[in-house]
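Coordinate inspection notes
One-letter residues, chain by chain:
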Amino acid sequence: MRVTAQILCLFCACVSILPALGYCVEITRPSSDISDFDFSNTDIRDGLRALAEKSGMQLAISSDVSGTVTISLHDVSARDAFEAIIRSQDLAYEKKGEIIHVMPMKKYQELYGKSFTDERVFEAIRLKYAEGEGLIEKLTQIKSKGGAVLVDEASGSIFLIDTPDTVYDMRKYIEAIDMPRKTEIYELRYAKAADVSVLLKEHLTAGVGEISLDERTNKVIVTDLEPHFAKIEEVLKELDVKPRVISVEVKIVELTTDDDHAMGINWTALFSQTAVVTSKLAPTLPGGGTSSFAASLTSGDFSGTMETLQAVGDVDLISQPYLTIMDGEEGVITVGVREAYVTDRSTSTGEGNEAISTTISEAVEFINVGTELYITPHISDDGYITANLLIKSNSVRDTLTTAKGNVVPIVDSTETETRVIAKDGTMIVVAGLKEERRSDTVYKTPYLGDDRALGAPFRNEATYDRIKYTIILMRPRILTSEGGAS
């Protein structure tokens, strides 16, 4: 009884606010005879009064209603004639009790924020399974500007106030949503539950579907409408697939040249001597040099590429690691050392701005010195591999001694980032990480050239510029489910 009383009160409240919101309320037809109505350039106020006398309607006409009316109607009721005049003259009305207030359409819109010609209906729907609050967002998108959606949580009912067509659309949506829900638990074999839950949310029923996860057991718990689970399971099947794996053979090479190549190296021309260069991504700079270079060599191999580099300068193979990476994951190769240095840290104790004591302690900091390769591969359906590459090279150029005697390394850092596309098994080359070094060399005749004043004819001093390039050679291969290369 208490719930029924609440529903009745809410219904009465909704009905009571309809006039205030500008919703049209059906005007009871007064008893009247069918008759003819002819008005020719008749003052609109006089015409309305004539209809009121004929039909018995109680009219209150606003002072800003003016103009003339010309209309000829045969065999109609006074009520229908009244409606025809109201709508043909851009007028509106509102009924309060037995009195009908007539006003211009514009004034009606200013009072109620809607057009008088928009009809409104009221409908109450008792929900069986769905929760009203979960439907509000979608129903608000469906309703018109002057419509309203109300929820009674106690009774599980939802109230719709809008035009007949809009209320029909909202009712059909509720019927499609207000169905039994079920919950299923899915254990994922390959995909991460956290990743799947984010993607699966886009496919759940709005206002109804829910998803939670248990990262410990890698399970997702899905609640939704029962007919929708076929689509959910189809999406899960697409997401929970065995990831493809890529094996990457890498060679990190240092190429040292003299000042004959101060303007850089034309990498395209260099590698084209022994291989076919495709997918070149980095532009060539004026003078034949490049700031960076990335390409795939469709017919090259490691030994031929190393021989090509030896024709330019001294080649040093500093590392040749192998890396196995899952599709879309990042792999990291680090070649070098962690350079340590000591810093002083002071800790003060006290209250406010006054320090009672200060403690000086030493802290050991580290910095990576060497080459770091970050590779994120993606496998396409046509057998090509797209790899995002980030290469960093750090070297200690000098050291700095602080006032407290701490020696801090001064590090030169260079890096290049690029994206390359290569077919499975094709070699990729990335070059251009450049480091310049200057050295002073003294040539002298033993003993005779040692004297600073008299040994000048027997001593020769020369300055040489040496340029070191870090070059990455890699060959990615897609592994099959059996673990071999495709």
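Residues numbered from 1 in each chain as written. Predicted model: local features only at pLDDT ≥ 70, side-chain atom pairs only at ≥ 80, totals over all residues. Heavy atoms only, no water.

Below, the discussion takes up the overall build of the chain. On a plain count of helices and strands, the chain comes out with ten helices and 22 strands. Buried positions account for 37% of the 486 residues belonging to the chain. Counting only contacts in the chain whose residues sit at least 6 apart along the sequence, the fraction spanning at least 24 positions is 65%. Only carbon and sulfur atoms are counted for the fraction: they give 49% of the accessible area of the chain, which is about 27800 Å². (Helix = DSSP H or I, 4+ residues; strand = E, 2+ residues; numbered from the N terminus. Buried < 20%, exposed > 50% of the residue type's maximum accessible area, 1.4 Å probe, protein only. Contact = heavy atoms within 4.5 Å. Areas by Shrake-Rupley, 256 points an atom, 1.4 Å probe, with all protein chains shown as cover.)

Moving on, we get to the packing of aromatic side chains. In this description, an aromatic ring pair is defined by two values, namely the gap between the centres and the angle between the planes. The final tally for this structure, using the stated rule, is two aromatic pairs. Centroid distance Phe82 to Tyr93: 5.5 Å. Interplanar angle 50°. Geometry classified as tilted. With Phe82 in helix α3 (residues 78-88) and Tyr93 in strand β4 (residues 91-96), this pair connects stretches of sequence that are eleven residues apart. In this structure Phe82 comes out as buried when scored by relative accessible area, which is 0%. (Phe/Tyr/Trp six-rings, centres within 6.5 Å; stacked < 30°, edge-to-face > 60°.)

So, on to the environment of Arg181. In this fold, Arg181 is placed in strand β9 (residues 181-187). Residues Arg181 and Pro227 lie 46 residues apart in sequence; the distance between their C-alpha atoms is 9.0 Å. When residues no more than four places from it in sequence are discounted, the contact partners of Arg181 are Glu131, Val208, Glu210, Thr223, Asp224 and Leu225.

So, on to unusual backbone geometry. Both trends apply: most residues other than glycine have a negative phi, and most peptide bonds are in trans. Located in the positive-phi region is Asn41, a residue other than glycine, with phi close to 50°. Structurally, the position occupied by Asn41 is in strand β1 (residues 35-43). In this structure, Asp90 is a non-glycine residue whose phi angle is positive, near 55°. Following the sequence through the fold, Asp90 ends up in the loop between α3 and β4. The exposure class assigned to Asp90 is exposed, which follows from its relative accessible area of 54%.

Attention now moves to the packing of helix α7 (residues 193-200) against helix α8 (residues 229-239). The interhelical angle for the contact between α7 and α8, taken along N-to-C directions, is 135°, at an axis separation of 11 Å. Judged on the interaxial angle alone, α8 and α7 are oblique. Note that α7 runs across α8; the crossing there is right-handed. On the side of α7, the interface is formed by Val196, Leu199 and Leu200, while α8 contributes Ile232, Val235, Leu236 and Leu239. Grouping the constituent residues of the contact of α7 with α8 by class yields seven nonpolar, no polar and no charged. (Axes fitted to C-alpha atoms, helices over the stretch in contact; angles between N-to-C directions. Parallel < 35°, antiparallel > 145°, perpendicular 65-115°, else oblique. Left-handed = near helix turned anticlockwise from the far one by under 90°. Nonpolar A, V, L, I, M, F, W, Y, C, P; charged D, E, K, R; others polar.)

Next up on the list: helix α6 (residues 164-177). Spanning 14 residues, α6 covers 20 Å between terminal C-alpha atoms, matching the ideal 20 Å at 1.5 Å per step. Within the span of α6, buried status applies to Thr166, Val167, Met170, Tyr173, Ile174 and Ile177. The buried side chains of α6 occupy one side of the element, clustering within an arc of 120° when seen end-on. Taken together, the buried residues of α6 touch β6 (121-126), α5 (132-142), β7 (148-152), β8 (157-162) and β11 (219-225). (Expected span 1.5 Å × (residues − 1). Arc of directions from axis to C-beta.)

Let us now look at the layout of surface pockets. Here the idea is plain: a probe the size of a water molecule rolls over the atoms and shows the empty space left. By volume, the largest pocket is sized at about 480 Å³. Every residue lining the largest pocket is counted, 14 residues in all, and those nearest its centre are Ala191, Leu239, Val241, Pro243 and Asp327. When residues of the lining of the largest pocket are assigned to their parent elements, the largest contribution, three residues, is made by α7. Class assignment of the residues belonging to the lining of the largest pocket gives a composition of eight nonpolar, one polar and five charged. (1 Å grid on protein atoms, 1.4 Å probe; cavity = no way out; pocket = protein on both sides within 12 Å on 5 of 7 lines; lining within 4 Å. Points joined across faces, edges and corners; volume = space filled by probe spheres on them.)

Turning our attention to the pairing of strand β12 (residues 245-257). Looking along a regular strand, one sees the side chains alternate between the two faces of the sheet. Taking burial as the measure, the 13 residues of β12 include ten buried ones, the bulk of the element. With five bridges joining them, β12 and strand β16 (residues 322-326) adopt antiparallel strand pairing. The residue bridging Ile246 from the neighbouring strand is Ile325, located in β16. Bridge count for β12 against strand β15 (residues 314-319) is five bridges, and the pairing is antiparallel. Bridging across to β15, Thr256 finds its partner in Asp314. (Pairing = 2+ DSSP bridges.)

In this section: the confidence of the model for the chain. In the predicted model, the chain carries a mean pLDDT of 76, and 74% of its residues have values of at least 70. Scored below 50 in pLDDT, residues 1-32 shows 51 contacts in the model against residues more than four places distant or in partner chains. For the stretch residues 281-290, pLDDT sits under 50, and the model shows 22 contacts to residues farther than four places along the chain or on other chains. (pLDDT = per-residue confidence, 0-100.)

On to empty space enclosed by the protein, then. Taken as a whole, this structure holds two cavities of 30 Å³ or more when the rule is applied. Around the second largest cavity, the lining residues are Ile246, Val248, Ile375, Pro377, Ile385, Ala387, Ile428, Met474 and Pro476. Listed by contribution, the elements that provide at least two residues to the lining of the second largest cavity are β12, β18 (354-379), β19 (384-401) and β22 (459-479). Residue composition of the lining of the second largest cavity, grouped by class: nine nonpolar, no polar and no charged.

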